[in-house]
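Fold and contact review
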Amino acid sequence: MRAPIPSRGRVLPLLLAGTLSALTACGSDAGGGTEDPIDPLTGLPTGAPDPTQLDAAAPRDGGPALPPVPPKSNIEHVVIIMQENHTFDTYFGRYCKAAPGSNPTCTTGPACCEAAPEKEPSGAAPRVLDDAANADYDPDHSYACEAAEMNGGKMDRFVTGANCSSRKNFAIAPDSVIAPYHALAQSYAMGDRYFQSIIGQTSSNNMYFAVARKVFIDNDLFPDAIGQGCRPLVTKRQFSGQTTIADLVLDEGHRVSFYAEGYKLMRDATPCPKDPPDCKSLNPLYAIYPCAYDPSDVPFNYYRQFTDNPAFLHDWEDFTIDLEAGDLPEVSYVKSIGYHTEHPGYGTKITLGVGWTDAVIKRILASPYGKNTLILLTWDEGGGYFDHVAPPGGPSAADNEPLGTRVPILAIGPFARKNYVSHVVMDHSSIVKFLEWRFTGKTGQLAARDALVNNIGSLLDPATTGIPVPEN
């Protein structure tokens, strides 16, 4: 079993010991009666009953009955899979059958989510986003470009009207390419009002998985971590003394791990790994992308307590080992290597990423962990592709940034509703809020969007979760 990262100091037995010692001293016999010694493991007087085993209805010392112990959630493990750069319309625009703009309120199946329009506002029809189309074009998805294309929520300048507009920005993947994702939506739960947390590129959106707030825009900062030497001309930054969701979960005595494909090869390479047989690096700005591990894909790498911490950051192969050894942490983040993320451009094929992700999901569900694990599959940002649904509201009060385009989210496993479409507005911060709720019992601890956003309860079945997960 892996040694967990030490928590920052919530040691309940020690607190109990101190409290009980004080109470015992205050209540001791004035005539010099002796006290029971304290058990160093439990912090309780020797021979004292374990309070967790007391009958909640039985009064103690003639006092009132204790309140019943609240039921425990059946969700014991959470696996978060983060893919890249596709909007909801791009992947589910032909799966959904409701008329564009109809805003359906039903929640069962494809008839209850809006199809992509046959034409976008300028009159262009969508491009078929097959493997070849995905491989040959990466839309501009910078903050400035996407803000211009979204045009204050009009969503009308992706194809024309902005300096970065292109007919290729309106594209929809056929079922033949992403059939496994459509099958997952039909078997489990999907959100059709889930948005990327901030307008712009991958790294800035990934930060919301860790701290639920804006840290920088686009890919403007790069962590000073293993692999940074393979990406020249970047601004490196490390943060110290800042709390992330991983810190909060660890402080409660749970384990958290991030599994990244290609990490071991990068860690052991001198200076950078060679392309694998099934990938060819084609990015002129980042010579090893998409064929090698990218440290900026790990948002926790920006925080010094987690940067390349061997108790936290592991190679993807370790996930398989831990799954089979019965050593899966309570919270696992899974990140594939670039050419498995479905990221457009650079020769990247959608089917490779879909196949990789589908295999991961099937492996988890077929394992002994399948019965107590919730899998959350989402995409970091829309990649500059058109989506017809405008994000609601203005800038968040937490960080003064509005939501970006819609991206898919799927809740998978025994705790997900079946063939269900949630219309609750969520973003990546909603996952942070859920992890706080499940593993710490208190939301909003980061004092960021986690205090404001909706939780993910609308995706989950209260009949199987044990206790209902809140929707807000």
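Keep in mind that this is a model prediction, so the values were computed, not measured. (Residues numbered from 1 in each chain as written. Predicted model: local features only at pLDDT ≥ 70, side-chain atom pairs only at ≥ 80, totals over all residues. Heavy atoms only, no water.)

Once that is clear, we can look at the confidence of the model for the protein. If pLDDT is low for a region, its predicted coordinates should not be looked at in detail. On average, residues of the protein score 89 in pLDDT, and 85% of them reach the 70 mark or higher. Confidence over residues 9-36 falls short of pLDDT 50; this stretch has 19 contacts with residues more than four positions distant or in other chains. Low pLDDT (under 50) marks residues 38-60, which in the prediction has 38 contacts with non-local residues, meaning those over four places away or in another chain. (pLDDT = per-residue confidence, 0-100. Contact = heavy atoms within 4.5 Å.)

Take the packing of aromatic side chains next. Scanning the model with the defined rule gives 21 aromatic pairs in all. A centroid spacing of 5.3 Å and a plane angle of 45 degrees characterise the contact between Phe-216 and Tyr-302, whose relative ring orientation is tilted. Placement of the pair is Phe-216 in the loop between helix H6 (202-210) and helix H7 (245-251) and Tyr-302 in the loop between helix H8 (263-268) and strand E7 (313-315), with a sequence separation of 86 residues. Looking at Tyr-302, the relative accessible area reads 0%, which means it is buried. Geometrically, the ring pair formed by Trp-316 and Phe-319 is stacked, given 5.0 Å between the ring centres and 15 degrees between the ring planes. Taken as a pair, Trp-316 and Phe-319 lie in helix H9 (residues 316-325) at a separation of three residues, close to a single helical turn. Among the residues examined, Trp-316 registers a relative accessible area of 14% and is labelled buried. Within the aromatic cluster, the residues linked to one another by ring pairs are Phe-258, Phe-300, Phe-306, Phe-312 and Tyr-333. The residue whose ring lies beneath Arg-417 is Tyr-420, and the NZ or CZ to ring-centre distance is 4.9 Å. (Phe/Tyr/Trp six-rings, centres within 6.5 Å; stacked < 30°, edge-to-face > 60°. Helix = DSSP H or I, 4+ residues; strand = E, 2+ residues; numbered from the N terminus. Buried < 20%, exposed > 50% of the residue type's maximum accessible area, 1.4 Å probe, protein only. Lys NZ or Arg CZ within 6 Å of the ring centre and 35° of its normal.)

A separate point is the side chain of Glu-146. Inspection of the secondary structure assignment puts Glu-146 in helix H4 (residues 143-150). Ignoring sequence-local partners within four residues, the contact set of Glu-146 consists of His-141, Gln-196, Ile-199, Gly-200, Glu-381, Gly-383 and Gly-384.

Now for helix H5 (residues 175-187). Over its 13 residues, H5 runs only 16 Å from end to end, short of the ideal 18 Å by more than 12%, given 1.5 Å per residue. Along its length, H5 shows its largest kink, about 40 degrees, at Tyr-181. For H5, the set of buried residues is Val-177, Ile-178, Tyr-181, His-182, Leu-184 and Ala-185. (Expected span 1.5 Å × (residues − 1). Bend = angle between axes of the 7 residues up to and from the residue.)

Here the focus is the pairing of strand E6 (residues 256-260). Buried residues dominate E6, accounting for five of its five residues. Of the two faces of E6, the one holding Val-256, Phe-258 and Ala-260 and the one holding Ser-257 and Tyr-259 are both buried throughout. Of the pairings in the sheet, the one linking E6 to strand E8 (residues 331-335) comprises five bridges and is parallel in character. If you follow Tyr-259 over to E8, its bridge partner there is Val-334. (Pairing = 2+ DSSP bridges.)

The biggest cluster of nonpolar side chains holds 99 residues, and the ones touching the most others in it are Phe-92, Met-190, Tyr-333, Phe-434 and Leu-435. In this structure, Met-150, Met-155, Phe-170 and Ile-199 belong to the second largest nonpolar core, which totals ten residues. (Core = buried A, V, L, I, M, F, W, Y, C linked by side-chain atoms within 4.5 Å.)

Burial analysis of H6 places nine of its nine residues in the buried class, which makes it a mostly covered element. Taken as a whole, H6 has its buried residues at Thr-202, Ser-203, Ser-204, Asn-205, Asn-206, Met-207, Tyr-208, Phe-209 and Ala-210. The inward-facing, buried residues of H6 abut strand E1 (77-83), H7, E8, strand E9 (373-379), strand E12 (426-427) and helix H11 (428-440). Of the residues trailing H6, Ala-212 is marked for its positive phi of about 60 degrees.

Okay, unusual backbone geometry next. For the peptide bond that leads from Thr-270 to Pro-271, omega is -10 degrees, which places it in the cis range. Looking at the secondary structure, you find Pro-271 in the loop between H8 and E7. Positive phi is not limited to glycine here, since Asn-103 has a value of about 50 degrees. Located in the positive-phi region is Met-155, a residue other than glycine, with phi close to 55 degrees. For Met-155, a relative accessible area of 2% gives the class buried.

This paragraph deals with the pairing of E8. Within E8, five of the five residues are buried, which leaves it mostly tucked inside the rest of the structure. Alternating residues of E8 divide into Val-331, Tyr-333 and Lys-335 and Ser-332 and Val-334, and every residue in both groups is buried. Taken together, the four bridges between E1 and E8 define a ladder with parallel strand orientation. Within E8, the residue paired with Val-79 across the bridge is Ser-332.

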